[in-house]
Number of protein chains: 2
Amino acid sequence: MQDAYLKQFKKGILEIVVLKLLESREQYGYELISALNEKSRFLEVREGTLYPLLYRLEDEKLIDTRWQQAPARGVPKKYYAITPKGRQVLGEVSKTWFAFSAEVGAILKGDDDQS
Amino acid sequence: MQDAYLKQFKKGILEIVVLKLLESREQYGYELISALNEKSRFLEVREGTLYPLLYRLEDEKLIDTRWQQAPARGVPKKYYAITPKGRQVLGEVSKTWFAFSAEVGAILKGDDDQS
DNA sequence: CAATATACTTTGTGTTACATAGTATATTGT
DNA sequence: ACAATATACTATGTAACACAAAGTATATTG
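Model, not experiment: these values are computed from the prediction. (Residues numbered from 1 in each chain as written. Chains lettered and ligands numbered in written order. Predicted model: local features only at pLDDT ≥ 70, side-chain atom pairs only at ≥ 80, totals over all residues. Heavy atoms only, no water.)

> Can you help me understand the overall build of chain A in this one?
Tallying secondary structure elements over chain A gives five helices and three strands in all. Ordered by position from N to C terminus, the α and β elements of chain A give α-α-β-α-α-β-β-α. Residues classed as buried in chain A amount to 43% of the 115 residues present. For chain A, the proportion of contacts with a sequence separation of at least 24, taken over those separated by at least 6, is 50%. Working note: accessible area of chain A is about 6400 Å², and carbon and sulfur atoms make up 50% of it. (Helix = DSSP H or I, 4+ residues; strand = E, 2+ residues; numbered from the N terminus. Buried < 20%, exposed > 50% of the residue type's maximum accessible area, 1.4 Å probe, protein only. Contact = heavy atoms within 4.5 Å. Areas by Shrake-Rupley, 256 points an atom, 1.4 Å probe, with all protein chains shown as cover.)

Below is the structure:
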């Protein structure tokens, strides 16, 4: 039941978190999933969440993709890299999120003037 | 475009914010809408958002409702009051939200060990 | 008495996270 | 050598939620 709320909380911000993870270097899908699952107990994702999200980011030209044909050994991987437009959106939407979460936090903290 | 993200950010937390607003006293629908629109530039809602949300909260027994038949003058109003179960959920989910937003904030702030 | 404001209702839409299942290649244990 | 497991990506379908838009009905105001 708590999980149902968490599922909703992630909406929208997951995209931005993924862009953030790609900010420093390109990564492939499975790498991102592992990173999220290690880094955070709230942002865990499954393939069915991440890959469609990546396709959306690609459609919006926020990331570029390239296939890396098994360089020496291993399965071929699809690498995702953030674009300049992606960096711009990352910056803007991050700022919006900080403002948003601060405001929600203020309300939930209880400075509710009961007029 | 920015608004599209904001719309997603609200998911889940709007319910909790409404519970919070009802924490101190019962209120009717339009009152809640006005309160949200004044109090916050991020949490603005329309009727089509709030009323279905209130019905959900009622279904889940997190709020009670009562009709106030126009006491002296004015349109009859439907008052919403938080239940004990509602207070419990408010407390629990608030805590989850603070933890969640702190974690997202930490990631977006850029302490990304690029391993 | 028409126009506007208040208050609530109803229907339908788009986005998103996720479950589930599937394909295919690599690696590992015995 | 070969089944089992891990890696990596794809594809289909579902549920929840915020919202647009339109509607109903009563009060107030010019």
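> Help me out: how do you make sense of the relation of the copies chain B and chain A in this one?
Mapping one chain copy onto the other needs a rotation about an axis and a shift along that axis. When chain B is brought onto chain A, the operation consists of a screw motion whose angular component is 180 degrees and whose axial shift is 0.0 Å, with 0.0 Å RMSD remaining. Here the copies are linked by what is in effect a two-fold axis. The share of interface residues of chain B whose copies in chain A are also at the interface is 98%, consistent with both copies meeting through the same surface. (Least-squares fit on C-alpha atoms with pLDDT ≥ 70 in both.)

> I tried to follow the protein's contact with DNA strand C on my own but got confused; where do I start?
In the vicinity of DNA strand C there are 29 residues, among which Lys10 and Gly48 of chain A together with Tyr51, Tyr55 and Lys78 of chain B approach most closely. Each atom of DNA strand C within 4 Å of the protein was classed as base or backbone; sugar and phosphate made up 70%. Here a phosphate oxygen of DNA strand C sits 2.9 Å away from a polar atom, N or O, in the side chain of Arg56 of chain A. The side chain of Lys77 of chain B places a nitrogen or oxygen atom 3.2 Å from a phosphate oxygen of DNA strand C. At the level of secondary structure, the elements contributing two or more residues to the surface near DNA strand C comprise α2 (13-21) and α4 (47-59) of chain A together with α3 (29-39), α4 (47-59) and β3 (77-82) of chain B. Taken together, the residues that form the surface near DNA strand C break down as ten nonpolar, seven polar and twelve charged. (Near = heavy atom within 4 Å. Polar contact = N/O pair within 3.5 Å; in protein donor to acceptor, adjacent residues only side chain to side chain. Nonpolar A, V, L, I, M, F, W, Y, C, P; charged D, E, K, R; others polar.)

> Can you walk me through the protein's contact with DNA strand D in this structure?
Neighbouring residues of DNA strand D: 29 residues in total, closest Tyr51, Tyr55 and Lys78 of chain A together with Lys10 and Gly48 of chain B. The contact in question runs from a base nitrogen of DNA strand D to an N or O atom on the backbone of Gly48 of chain B, over 3.0 Å. Within the side chain of Arg56 of chain B, an N or O atom sits 2.9 Å from a phosphate oxygen of DNA strand D. Elements with a contribution of two residues or more to the surface near DNA strand D: α3 (29-39), α4 and β3 (77-82) of chain A together with α2 (13-24) and α4 of chain B. The residue makeup of the surface near DNA strand D, split by class, is ten nonpolar, seven polar and twelve charged.

> What exactly am I supposed to notice about the sheet that holds β3 of chain A here?
Paired through their backbone hydrogen bonds, the strands of a sheet run either parallel or antiparallel. Residue and element names in this part refer to chain A. Pairing is antiparallel in the open sheet, where three strands are placed in the order β1-β3-β2. Only two strands of the sheet have a single neighbouring strand rather than two, namely β1 (27-28) and β2 (63-68). Here β1 runs beside β3; their pairing, made up of two bridges, is antiparallel. Its bridge partner lying in β3, Tyr28 is registered against Tyr79. (Pairing = 2+ DSSP bridges.)

> Please clarify how the sheet that holds strand β1 (residues 27-28) of chain B should be interpreted in this entry.
Spatially, β1-β3-β2 (chain B) is the arrangement adopted by the three strands of the open sheet, whose pairing is antiparallel. At either end of the open sheet lies a strand with only one pairing partner, and these are β1 and β2 (63-68) of chain B.

> Help me understand the packing of aromatic side chains in this model?
Centre distance and the angle of the planes are the two values used to describe a pair of aromatic rings. Considering all chains together, one arrives at ten aromatic pairs over all chains under this definition. Their ring planes at 75 degrees and their centres at 5.4 Å tell us that Tyr28 of chain A and Tyr79 of chain A sit as a pair that is edge-to-face. Of this pair, Tyr28 of chain A sits in strand β1 while Tyr79 of chain A sits in strand β3, placing them 51 residues apart in sequence. Overall, the relative accessible area of 22% leaves Tyr28 of chain A in the partly exposed class. Relative accessible area serves as the criterion here: at 16%, Tyr79 of chain A is assigned to the buried category. Between Phe100 of chain A and Phe42 of chain B, the ring centres sit 6.3 Å apart and the planes meet at 80 degrees, which makes this aromatic pair edge-to-face. Taken together, the residues span two chains, with Phe100 of chain A in helix α5 (residues 84-109) and Phe42 of chain B in the loop between α3 and α4. Owing to a relative accessible area of 2%, Phe100 of chain A belongs among the buried residues under this scheme. Residue classification places Phe42 of chain B among the buried positions, given a relative accessible area of 7%. Aromatic rings pair up to connect Tyr5, Phe9 and Phe42 of chain A together with Phe100 of chain B into one cluster. A cation over a ring is seen here: Arg66 of chain A above Tyr79 of chain A, with NZ or CZ 5.1 Å from the ring centre. (Phe/Tyr/Trp six-rings, centres within 6.5 Å; stacked < 30°, edge-to-face > 60°. Lys NZ or Arg CZ within 6 Å of the ring centre and 35° of its normal.)

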